There are 2 protein chains.
Amino acid sequence: MYEVELKVEADHGAVRAALDDAGAEPVDHVRQVDTYYDAPHREFAETDEALRLREETDLDAEETTTAMTYKGPLVEAASKTREEYETGVDDGDAAAGILDGLGFEPAATVEKERERFALDGYTVTLDAVEGLGSFVEIEREAAESDIEQVRTGAQELLRDLGLDPDEQIRSSYLGLLLADDAQ
Amino acid sequence: MYEVELKVEADHGAVRAALDDAGAEPVDHVRQVDTYYDAPHREFAETDEALRLREETDLDAEETTTAMTYKGPLVEAASKTREEYETGVDDGDAAAGILDGLGFEPAATVEKERERFALDGYTVTLDAVEGLGSFVEIEREAAESDIEQVRTGAQELLRDLGLDPDEQIRSSYLGLLLADDAQ
């Protein structure tokens, strides 16, 4: 399966009203604090890898969980497929201690509030990213043969929400933040 | 707090009977499969560190959990104190995938059945280690000022179980297995 994603920068007020009108189902509302690590033996920016600890707080249930994620380099450029491994960890501080002991160092932090909605088989995500702004992302899994159809559907959905698919942003939030830092 | 440990090689039959006579409380009975990793950027044998994934199956409840552990070098030789971080992980295969992606490679595996008993404030552990043999370990946490007293108590307990504290083995199972391999 492939992940089809479309992301634009947008104020959330009008989008939230449009989601409500369209009958979108609220899924969850979380706060995510992502810490990205530098490796002691590789330049992740060059090898196109990432190591992340994500602390996620469910703002309704007030529960916090932590996950460790490794993203490998693109194995297939066209579909943006990459190797990815993720597991929840019981103790976020201990996980950070393990990485620190092994010589990995926190390099950047991305903090955001994330609201997810389900609409017409798609997930619509409203992200408010600290230091960057407000974004709307539409995503859905697709088999290889359905990628184009699912992408077209995501573009239509984005237009239905009053947004312009031509303003698609392809960079990750981490990439946008680092680009801002570099200026 | 410090961990006082005493380990000897011993058949389990007579020890089990002695534990029963002494009124020891069975704590749990597990199977542990430990995978130790080599690092891509350090020689752990030289730096005196270890990175381990432990898959533990509770043989009574038939539940399996996985933990990731980093052990740093000794920070204080006399008390054998070292930095240690451990966290349970939800997905052992994903944790192995993360380590593999980062360039860490499985170097050695230690498999054992472990029975734990509580007796007089100590934990008595019967380990049957594949490829090595049967061992009995007595351990207890102690404040720095109590270390000698707790150690003497562990030696007495070992004698009560029909074992000889002078036969203490200081190497880890991993160390013993690697020493066997080197012969």
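Everything discussed here concerns the structure shown above.
Every chain is numbered on its own, with residues counted from 1 as its sequence reads. Chains and ligands are labelled sequentially in the order written, the chains with letters from A and the ligands with numbers from 1. Reporting of local features is limited, given that this is a predicted model, to residues whose pLDDT is at least 70; pairs of side-chain atoms are given and counted only at 80 or more, and all residues count toward the totals for whole chains, interfaces and linings. With hydrogens and water excluded, all non-hydrogen atoms of the structure serve as input to the side-chain values.

Broken down by element type, chain A carries five helices and eight strands. Secondary structure is summarised from DSSP: a helix means a run of H or I of at least four residues, a strand means a run of E of at least two, and numbering begins at the N terminus for each. Listing each helix as α and each strand as β along chain A from the N terminus yields β-α-β-α-β-β-β-α-β-β-β-α-α. It is over C-alpha atoms that the radius of gyration is taken, and the globule rule equals 2.2 Å times the number of residues to the power 0.38. The C-alpha radius of gyration computed for chain A amounts to 17 Å, which stays within 12% of the reference 16 Å derived for 183 residues, consistent with globular compactness. Note on exposure labels: buried denotes an accessible area under 20% of the residue type's maximum, exposed denotes more than 50%, and partly exposed covers the range between, all computed with a 1.4 Å probe on protein chains only. For chain A, the residues scored as buried account for 44% of the 183 residues in total. Relative to all contacts within chain A whose residues are 6 or more apart in sequence, the contacts with residues 24 or more apart total 61%. Residue exposure ignores everything except the shown protein chains as possible cover, and the areas themselves are Shrake-Rupley values with a 1.4 Å probe. Accessible area for chain A stands at about 9700 Å²; split by element, carbon and sulfur atoms hold 41% of it. In what follows, a contact means two residues having at least one pair of non-hydrogen atoms within 4.5 Å.

Turning to the interface of chain A and chain B, a few remarks are in order. By a widespread convention, an interface's size corresponds to the accessible area lost as its parts come together. Each partner contributes to the interface: chain A provides 24 residues, whereas chain B provides 24 residues. Interface area lost by chain A to chain B is led by Thr 87, Ile 98 and Leu 102 of chain A, which between them contribute 29%. In the sections that follow, a salt bridge refers to a side-chain nitrogen of Lys or Arg positioned within 4 Å of a carboxyl oxygen of Asp or Glu. At the surface where chain A touches chain B, the tally comes to zero salt bridges. For the purposes of these results, a polar contact is taken to be a pair of N or O atoms within 3.5 Å, where, inside protein, one atom must be able to donate a hydrogen and its partner to accept one; residues adjacent in sequence count only when each atom of the pair is a side-chain atom. At the junction of chain A and chain B, the tally comes to 14 residue pairs in polar contact (both at pLDDT 80 or more). Of all the elements in the fold, those that place two or more residues in the side of chain A that touches chain B are strand S4 (63–76), strand S5 (81–89) and helix H3 (92–101) of chain A. Defined here as a combined quantity, buried area equals the accessible surface (1.4 Å probe) lost by two parts on assembly, summed across both.

Another point: the relation of the copies chain A and chain B. When chain A is brought onto chain B, the operation consists of a screw motion whose angular component is 180 degrees and whose axial shift is 0.0 Å, with 0.0 Å RMSD remaining. Read as a symmetry element, the transformation amounts to a two-fold axis. By C-alpha distance to the rotation axis, the residue of chain A lying nearest is Val 89 of chain A, at 2.2 Å. A symmetric contact is evident, with 100% of the interface residues of chain A recurring at the interface of chain B. The atoms used to superpose the copies are C-alpha atoms, taken from residues with pLDDT of at least 70 in both, and the fit is least squares.

The next thing to look at is the environment of Pro 165 of chain A. Residues and elements named next belong to chain A. When you line up the elements, Pro 165 lands in the loop between helix H4 (147–160) and helix H5 (173–182). In the structure, Pro 165 is positioned 97 residues away from Met 68 in sequence and 32 Å away in space, judged by C-alpha atoms. Excluding residues that lie within four positions of it along the chain, Pro 165 makes contacts with Leu 6, Gln 155, Leu 158 and Arg 159.

By nonpolar core is meant a set of buried Ala, Val, Leu, Ile, Met, Phe, Trp, Tyr and Cys residues that side-chain atoms within 4.5 Å join together. Counting 26 residues, the largest nonpolar core has Leu 51, Met 68 and Phe 104 of chain A together with Leu 51, Met 68 and Phe 104 of chain B as the members making the most contacts within it. Looking at this core, the elements with two or more residues in it are strand S3 (50–58), S4 and H3 of chain A together with strand S3 (50–58), strand S4 (63–76) and helix H3 (92–101) of chain B. Excluding anything up to four places from it in sequence, Met 68 of chain B contacts Met 68 and Ile 98 of chain A together with Leu 51, Arg 52, Leu 53, Tyr 85, Glu 86, Thr 87, Val 89, Ala 95 and Leu 99 of chain B.

Our next topic: the pairing of strand S7 (residues 122–129) of chain B. All names here are of chain B. The buried fraction of S7 amounts to six of the eight residues, a majority that puts the element mostly inside the structure. The pairing criterion is simple: DSSP has to find at least two bridges between the two strands. Of the pairings in the sheet, the one linking strand S6 (residues 105–119) to S7 comprises eight bridges and is antiparallel in character. If you follow Arg 114 over to S7, its bridge partner there is Asp 127. The loop that links S6 with its antiparallel partner S7 comprises two residues; one of these, Asp 120, has a positive phi angle of about 55 degrees. Looking at chain direction, S7 and strand S8 (residues 133–142) are connected through seven bridges and run antiparallel.

Aromatic pairs are defined between Phe, Tyr and Trp rings, using the six-membered ring for Trp, whenever the two ring centres lie within 6.5 Å; interplanar angles under 30 degrees are classed as stacked, those over 60 as edge-to-face, and all others as tilted. Counted by the stated rule, this structure contains three aromatic pairs over all chains. For the pair Phe 104 of chain A and Phe 104 of chain B, a centre-to-centre distance of 6.3 Å together with 35 degrees between the ring planes defines the contact as tilted. A residue pair is termed interchain when its members come from two chains, as with Phe 104 of chain A in the loop between H3 and strand S6 (105–119) and Phe 104 of chain B in the loop between H3 and S6. Lying across the ring of Tyr 173 of chain B, Lys 7 of chain B places its NZ or CZ 4.1 Å from the centre. Geometrically, a charge over a ring is one whose NZ (Lys) or CZ (Arg) sits within 6 Å of the ring centre while staying within 35 degrees of the ring normal.

Now for H4 of chain A. Residue and element names in this part refer to chain A. For H4, built from 14 residues, the straight-helix expectation of 20 Å at 1.5 Å per residue is met to within 8% by its first-to-last C-alpha distance of 20 Å. Residues of H4 that are buried: Ile 147, Val 150, Gly 153, Ala 154, Leu 157 and Leu 158. Within H4, the buried residues cover an arc of 140 degrees as seen down the axis, which keeps them to one side. H4 presents Glu 148, Gln 149 and Asp 160 as exposed residues on the side facing more than 90 degrees away from its buried surface. Where H4 is buried, its residues touch strand S1 (2–9), S6, strand S7 (122–129) and strand S8 (133–142). Expected helix span is taken as 1.5 Å per residue step, with the number of steps being one fewer than the number of residues. This arc is taken over the directions from the axis of the helix to the C-beta atoms.

Our focus in this paragraph is the side chain of Asp 34 of chain B. Residue and element names in this part refer to chain B. In this structure, Asp 34 sits in strand S2 (residues 25–38). For Asp 34, the side chain forms a polar contact with the side chain of Arg 54, separated by 2.8 Å. At 3.4 Å, the side chain of Asp 34 forms a polar contact with the side chain of Lys 112.

Attention now goes to a negative patch on the surface. Patch membership is restricted to residues that have no salt bridge and whose relative accessible area is over 30%. Joining uses 9 Å for like charges and 5 Å for the nonpolar side chains Val, Leu, Ile, Met, Phe, Trp and Tyr. Counted as positive: Lys and Arg. Counted as negative: Asp and Glu, with His and the chain ends omitted from the count. Charge positions come from single atoms, namely NZ of Lys, CZ of Arg, CG of Asp or CD of Glu. Taken together, the side chains of Glu 55, Asp 90, Asp 91 and Asp 93 of chain A together with Glu 55, Asp 90, Asp 91 and Asp 93 of chain B present a region of like negative charge at the surface. You can see Asp 91 of chain B is positioned in the loop between strand S5 (81–89) and H3. For Asp 91 of chain B, a relative accessible area of 33% translates into the label partly exposed.

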